[in-house]
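# Examination of the molecular architecture
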Amino acid sequence: MAANLTLLQGGTLLIHGGDNHVKAVKADLLIEGNIISKIEAKITPSTNTQVIDCTDKIISPGFIDTHHHLWQTLLKGRHANETLIDYFPSGNFPSSLHSPADMFWGELGGCLECLDVGTTTVVDHAHLNYSPEHSKAAIAATMSSGIRSVFCYSATPRLESWEPFKLNHDLLPSWVLGTLEELVAKNPIANGRVQLGFAFDSTYLPKEMIVATFEKVKSLGIKLITTHYVGNGHFGGSPVELYHNYGLLDSSILFSHATGASTNDAKLLLQTNSHVSTTPSTEMQMGHGQPVAFSSELKIESHCGVGADCHANNSASIISELRLLLQSARSSHAQKFAEVGKTPKKVYKTVEEAFNLGTIGGARAINMEDKLGSLKVGKFADILVWDAMSSGMVCASQFDPVAAVVLHSSPADLEMVIVDGVVKKSEWMLKDIDLSAGREMWSGEEGVKSWRDIAKELVKRRTAMQEKLDQIDMEAAKKGVMKAFYIDESTIVDEI
């Protein structure tokens, strides 16, 4: 059967050169199936080609979110004034209260928010694995949504009881890796659009158990392993050094945050081609420390991507994260000058460097630079179409399209989102979702739903979830978290 042909005609394309410089080019772009097949001026369409007029539009690669917990939709709004220690009982361990169906709908909501704001690929640190059905339901939702995902199946620390707060200490029961083997046997999932990764945070386990787990995971063909690294003094030493000492640090490893990373960590990351996902909103709010992607001391920008982390806490927009990262780094840089009565001669970091972290940098972080992250013939057709004549982007688009996207755009300016050659958002609205697309993974939901239908289901389930949460003493749970993770309560203070 012949591949579908779609021509994006007459737009301004943001094209990456070999030096990562982004050039605005007036050209047409032809999609054949799920691949960009041609980028040229004035392409003549065949009679069976769908032509989309992109006059006065900016066409960019889709954004790559390198760290996100997509299942958390039902918890949105409750973390606005929370630290990381507050978040654990209110945002992390409520996974124990989610049924597989709750996970399906929460995951679907997270995927669709990502698509709506321009994320076409997401690394999903899926710390939701209370049973095989929980993970299968989340993958089914991911399949149905249409997003491209590296679903990082997790060896999740599971809550056994809230009162008293008690964790199940059997972190790797046989069903955990057994289920992963079962999932791997289903590859390719959604024709390869959904890939399996692995999420692992239990770095306190014995060396032989960690090494054996990584060897098993890699033997199954898993190419990406992600680990949290929050170096604020509460969670032990550096997992970068630990993995290096265990012979595990290589290009398959993606650390989230790496706040508090040392210069030795940075050296090891660069030497082994490991990567970091920085998530400015949660890092700056929750007490992780300063984002590292633009650190002048560490100099690891070339090995960084950007993530939204928790859409339960902040917008899923990668543009929002890039903007916050860029301006906070500029402010910190300028402050050093101000303290000695000086002014920097030029601004620190550019909008192009920020744009690259969300596109080609994210692709490198997940070892998919050959397939994603830029508009190039042969790469997957994961594409955004922006309205260059909107009230926010007009004039900026005509002067500097990259600046227009990074500093002037909002999700309201995003007219079309294409993933794997399929239009998922058109005329500023998400397309209807066929829930049956995930039934080969999990049989709980089916039918075609509009976003409004999905939103109503989410609100209904949020209400039910709130009723469960209202029964929990969160202060007692927070103390339980600190005890379980050996956090010294005396280090948590109001001021210094």
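Check the entry above for the structure.
Residues numbered from 1 in each chain as written. Predicted model: local features only at pLDDT ≥ 70, side-chain atom pairs only at ≥ 80, totals over all residues. Heavy atoms only, no water.

## Considering the overall build of the protein chain
Each helix and strand counted, the protein chain has 15 helices and 21 strands in total. Taken over C-alpha atoms, the radius of gyration comes to 22 Å for the protein chain, in line with the 23 Å a tight globule of 496 residues would show. For the protein chain, the spread of C-alpha atoms along the three principal axes comes to 65 × 65 × 40 Å. Contacts spanning at least 24 positions in sequence make up 73% of the contacts within the protein chain whose residues lie at least 6 apart. By element, 52% of the accessible surface of the protein chain is carried by carbon and sulfur atoms, the whole surface being about 20,400 Å². Positive and negative side-chain charges of the protein chain, numbering 44 and 58 respectively, have mean locations separated by a distance of 4 Å. (Helix = DSSP H or I, 4+ residues; strand = E, 2+ residues; numbered from the N terminus. Rg over C-alpha atoms; globule rule 2.2 N^0.38 Å. Contact = heavy atoms within 4.5 Å. Areas by Shrake-Rupley, 256 points an atom, 1.4 Å probe, with all protein chains shown as cover. Lys, Arg positive; Asp, Glu negative; His and termini not counted. Charge placed at Lys NZ, Arg CZ, Asp CG, Glu CD.)

## A few points about the pairing of strand E8 (residues 148-154)
When you tally the buried positions in E8, you get seven out of seven residues, the bulk of the element. Relative to E8, strand E7 (residues 119-126) runs parallel, the two being bridged by six bridges. Looking across to E8, one finds that threonine 121 is bridged to arginine 148. Running through helix H3 (residues 132-145), the crossover from E7 to the neighbouring parallel element E8 is right-handed. As paired elements, E8 and strand E11 (residues 194-199) share six bridges and run parallel to each other. Within E11, the residue paired with tyrosine 153 across the bridge is phenylalanine 198. (Buried < 20%, exposed > 50% of the residue type's maximum accessible area, 1.4 Å probe, protein only. Pairing = 2+ DSSP bridges. Right-handed = clockwise from strand over helix to strand, strands pointing away.)

## Focus on the pattern of salt bridges
Under the counting rule described, the total for this entry stands at 21 salt bridges. Between arginine 148 and aspartate 382 there is a salt bridge, with the nearest N and O atoms lying 2.7 Å from each other. One end of the pair, arginine 148, is in strand E8; the other, aspartate 382, is in the loop between helix H11 (360-365) and strand E16 (383-387), and 234 residues separate them in sequence. Residue classification places arginine 148 among the buried residues on the basis of a relative accessible area of 3%. Between glutamate 457 and arginine 461 there is a salt bridge; the shortest N-O distance is 2.7 Å. (Salt bridge = Lys/Arg side-chain N within 4 Å of Asp/Glu carboxyl O.)

## Overview of helix H10 (residues 351-358)
Counting buried positions over the eight residues of H10 gives six, a clear majority of the element. All of the buried residues along H10 are Val351, Ala354, Phe355, Asn356, Leu357 and Gly358.

## Quick look at the environment of leucine 183
Among the structural elements, leucine 183 can be located in helix H4 (residues 174-184). For leucine 183, a relative accessible area of 0% gives the class buried. In sequence terms leucine 183 and serine 135 are 48 residues apart; their C-alpha atoms lie 9.5 Å from each other. What leucine 183 contacts, discounting residues up to four positions off in sequence, is Lys136, Ile139, Tyr153, Ile189, Leu196 and Met441.

## A closer look at H3
Counted at 1.5 Å a residue, the expected span for H3 with its 14 residues is 20 Å, and the 20 Å between its end C-alpha atoms agrees. Counting buried residues in H3 gives twelve out of 14 residues, a clear majority hidden from the surface. For H3, every residue scored as buried is listed here: His134, Ser135, Lys136, Ala137, Ala138, Ile139, Ala140, Ala141, Thr142, Met143, Ser144 and Ser145. On its buried side, H3 packs onto helix H2 (100-116), E8, H4, E11, strand E18 (422-426) and strand E20 (433-434). At the C-terminal side of H3, glycine 146 shows a positive phi close to 95 degrees. (Expected span 1.5 Å × (residues − 1).)

## Structural notes on the side chain of aspartate 309
Within the secondary structure layout, aspartate 309 lies in the loop between strand E15 (304-306) and helix H9 (318-338). Excluding anything up to four places from it in sequence, aspartate 309 contacts His67, His68, His69, His257, Thr279 and Thr282.

## Points about the packing of aromatic side chains
Counted under the stated rule, the structure contains twelve aromatic pairs. Look at phenylalanine 93 and phenylalanine 165: their rings are 5.4 Å apart centre to centre, the planes differ by 80 degrees, and that puts the pair in the edge-to-face class. A residue pair is termed long-range when its members are at least 10 positions apart, and phenylalanine 93 in the loop between helix H1 (84-92) and H2 and phenylalanine 165 in the loop between strand E9 (159-161) and strand E10 (166-167) qualify at 72 residues. Each member of the pair, phenylalanine 93 together with phenylalanine 165, is buried. Here the basic side chain of arginine 148 rests over the ring of phenylalanine 380, its NZ or CZ set 4.1 Å away from the ring centre. (Phe/Tyr/Trp six-rings, centres within 6.5 Å; stacked < 30°, edge-to-face > 60°. Lys NZ or Arg CZ within 6 Å of the ring centre and 35° of its normal.)

## A word on the layout of surface pockets
Gaps left between atoms are located by rolling a probe of water-molecule size over the structure's atoms. In this model, the largest pocket occupies a volume close to 1,100 Å³. Lining the largest pocket are 45 residues, and of these Phe88, Asp201, Tyr204, Phe235 and Phe485 sit closest to its centre. Secondary-structure elements contributing two or more residues to the lining of the largest pocket are H1, E10, strand E12 (225-230), helix H6 (239-245) and helix H15 (474-484). Counting residues per element, the lining of the largest pocket draws most heavily on H1, which supplies four residues. Here the lining of the largest pocket is built from residues that sort into 22 nonpolar, 19 polar and four charged. (1 Å grid on protein atoms, 1.4 Å probe; cavity = no way out; pocket = protein on both sides within 12 Å on 5 of 7 lines; lining within 4 Å. Points joined across faces, edges and corners; volume = space filled by probe spheres on them. Nonpolar A, V, L, I, M, F, W, Y, C, P; charged D, E, K, R; others polar.)

## Structural notes on empty space enclosed by the protein
In the structure shown here, the tally under the stated rule is two cavities of 30 Å³ or more. Reported here for the largest cavity is a volume of approximately 40 Å³. In terms of lining, the largest cavity is formed by Pro61, Gly62, Ile64, Thr120, Thr121, Leu372, Gly373, Ser374, Phe380 and Asp382. Its residues placed into classes, the lining of the largest cavity shows four nonpolar, five polar and one charged.

Function cannot be read off these values alone, since they describe shape.
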